[in-house]
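Breakdown of the fold
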Amino acid sequence: MEDHALKYDPEESGSKICEVLQILKTKWAFLVLDELLKGPQRFNQLQRNASVIKTQSLTDTLRHLERMGLVNREVFPTVPVTVEYSLTEKGADFQLALKEMERWVDKWGGRNPASAD
(Lines give C-alpha, C1' and ligand atoms only; values in the text may rest on other atoms or scores of the structure.)
Protein backbone atom coordinates (compact mmCIF):
# COMPACT_ATOMS: atom_id res chain seq x y z
CA MET A 1 0.00 0.00 0.00
CA GLU A 2 1.36 3.39 -1.03
CA ASP A 3 1.57 6.29 1.44
CA HIS A 4 -0.10 9.20 -0.37
CA ALA A 5 0.96 11.68 2.33
CA LEU A 6 4.56 11.39 1.14
CA LYS A 7 3.78 11.99 -2.55
CA TYR A 8 4.64 15.40 -3.92
CA ASP A 9 2.19 16.88 -6.39
CA PRO A 10 3.56 20.25 -7.56
CA GLU A 11 0.20 21.43 -8.90
CA GLU A 12 -1.63 20.64 -5.66
CA SER A 13 1.20 21.95 -3.49
CA GLY A 14 1.47 25.12 -5.53
CA SER A 15 -2.21 25.91 -5.20
CA LYS A 16 -2.10 25.33 -1.44
CA ILE A 17 0.94 27.56 -1.04
CA CYS A 18 -0.75 30.24 -3.13
CA GLU A 19 -3.81 30.01 -0.89
CA VAL A 20 -1.67 30.52 2.22
CA LEU A 21 0.18 33.40 0.59
CA GLN A 22 -3.12 35.03 -0.36
CA ILE A 23 -4.30 34.88 3.26
CA LEU A 24 -1.00 36.10 4.69
CA LYS A 25 0.03 38.48 1.90
CA THR A 26 0.15 41.59 4.05
CA LYS A 27 3.59 42.54 5.28
CA TRP A 28 2.70 42.41 8.99
CA ALA A 29 0.27 39.46 9.09
CA PHE A 30 2.67 37.11 10.88
CA LEU A 31 3.55 39.66 13.54
CA VAL A 32 -0.10 40.55 14.21
CA LEU A 33 -1.09 36.88 14.47
CA ASP A 34 1.84 36.22 16.80
CA GLU A 35 0.81 39.14 19.04
CA LEU A 36 -2.82 38.01 19.15
CA LEU A 37 -1.73 34.51 20.16
CA LYS A 38 -0.98 36.13 23.54
CA GLY A 39 -4.68 36.95 23.90
CA PRO A 40 -7.30 39.50 22.85
CA GLN A 41 -6.02 43.06 22.55
CA ARG A 42 -7.43 46.50 21.89
CA PHE A 43 -6.00 48.42 18.94
CA ASN A 44 -3.73 50.72 20.98
CA GLN A 45 -2.41 47.82 23.04
CA LEU A 46 -1.68 45.87 19.87
CA GLN A 47 0.01 48.91 18.36
CA ARG A 48 2.25 49.30 21.43
CA ASN A 49 3.16 45.61 21.41
CA ALA A 50 3.90 45.64 17.68
CA SER A 51 5.50 49.07 17.67
CA VAL A 52 7.28 48.59 14.35
CA ILE A 53 3.92 48.70 12.54
CA LYS A 54 2.58 52.10 11.51
CA THR A 55 -1.07 52.85 12.42
CA GLN A 56 -2.46 52.60 8.87
CA SER A 57 -0.55 49.37 8.16
CA LEU A 58 -1.88 47.82 11.37
CA THR A 59 -5.43 48.86 10.43
CA ASP A 60 -5.05 47.41 6.93
CA THR A 61 -3.54 44.18 8.25
CA LEU A 62 -6.29 43.69 10.85
CA ARG A 63 -9.00 44.31 8.23
CA HIS A 64 -7.39 41.82 5.86
CA LEU A 65 -7.00 39.15 8.53
CA GLU A 66 -10.61 39.73 9.59
CA ARG A 67 -11.81 39.28 5.98
CA MET A 68 -9.76 36.09 5.75
CA GLY A 69 -11.41 34.72 8.90
CA LEU A 70 -8.32 34.68 11.13
CA VAL A 71 -9.14 37.68 13.34
CA ASN A 72 -12.34 38.59 15.14
CA ARG A 73 -13.20 42.25 15.74
CA GLU A 74 -15.55 42.84 18.65
CA VAL A 75 -17.07 46.26 19.29
CA PHE A 76 -18.19 47.14 22.82
CA PRO A 77 -20.85 49.87 23.21
CA THR A 78 -18.85 52.11 25.52
CA VAL A 79 -18.12 55.82 25.30
CA PRO A 80 -15.85 56.05 23.42
CA VAL A 81 -16.43 52.77 21.58
CA THR A 82 -14.02 50.00 22.56
CA VAL A 83 -12.81 47.57 19.89
CA GLU A 84 -11.01 44.36 20.78
CA TYR A 85 -9.26 42.00 18.40
CA SER A 86 -8.80 38.29 18.97
CA LEU A 87 -8.02 35.22 16.95
CA THR A 88 -10.74 33.05 15.52
CA GLU A 89 -10.36 29.28 15.74
CA LYS A 90 -8.80 29.42 12.26
CA GLY A 91 -6.35 32.10 13.40
CA ALA A 92 -5.43 30.28 16.60
CA ASP A 93 -4.81 27.11 14.64
CA PHE A 94 -2.11 28.97 12.73
CA GLN A 95 0.01 28.81 15.89
CA LEU A 96 1.31 25.40 14.80
CA ALA A 97 2.66 26.86 11.56
CA LEU A 98 4.27 29.78 13.42
CA LYS A 99 6.00 27.40 15.82
CA GLU A 100 7.41 25.39 12.91
CA MET A 101 8.70 28.59 11.31
CA GLU A 102 10.33 29.59 14.60
CA ARG A 103 12.05 26.18 14.74
CA TRP A 104 13.32 26.71 11.20
CA VAL A 105 14.67 30.17 12.08
CA ASP A 106 16.32 28.78 15.22
CA LYS A 107 18.12 26.25 13.06
CA TRP A 108 18.84 28.25 9.92
CA GLY A 109 18.23 31.93 10.61
CA GLY A 110 21.22 34.14 9.88
CA ARG A 111 23.32 31.26 8.57
CA ASN A 112 25.01 31.61 5.24
CA PRO A 113 24.38 28.40 3.23
CA ALA A 114 27.92 28.56 1.86
CA SER A 115 29.34 28.35 5.38
CA ALA A 116 26.94 25.66 6.63
CA ASP A 117 28.47 22.47 7.96
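To start, this report covers the structure provided alongside it.

Cut-offs used in this document
Residues numbered from 1 in each chain as written. Predicted model: local features only at pLDDT ≥ 70, side-chain atom pairs only at ≥ 80, totals over all residues. Heavy atoms only, no water. Core = buried A, V, L, I, M, F, W, Y, C linked by side-chain atoms within 4.5 Å. Buried < 20%, exposed > 50% of the residue type's maximum accessible area, 1.4 Å probe, protein only. Helix = DSSP H or I, 4+ residues; strand = E, 2+ residues; numbered from the N terminus. Contact = heavy atoms within 4.5 Å. Pairing = 2+ DSSP bridges. Axes fitted to C-alpha atoms, helices over the stretch in contact; angles between N-to-C directions.

Focus on the nonpolar core
One recurring pattern in soluble globular proteins is that nonpolar side chains are buried together. Grouped together as the largest cluster of nonpolar side chains are 20 residues, with contacts concentrated most on V32, L33, L36, L62 and V71. Secondary structure elements with two or more residues in this core: α2 (29-36), α3 (43-49), α4 (55-67) and β3 (82-87). Broken down by element, this core gets its largest block of residues, four residues, from α2. Once residues within four sequence positions are removed from consideration, L36 is found in contact with Q41, L46, L62, V71, Y85 and L87.

Structural notes on the pairing of strand β2 (residues 71-76)
Of the strand pairs in this sheet, β2 and β3 are connected by six bridges, and their pairing is antiparallel. Paired with F76 across the strands is T82, a residue of β3. The antiparallel hairpin formed by β2 and β3 contains five residues in its connecting segment.

Let's talk about the sheet that holds β3
What the three strands build is an open sheet, ordered β1-β3-β2; its pairing is antiparallel. Edge strands, defined here as strands with exactly one partner in the open sheet, are β1 (41-42) and β2. Helix-sheet contacts for α2 involve β1, β2 and β3, and the interaxial angle to β3 is about 95°.

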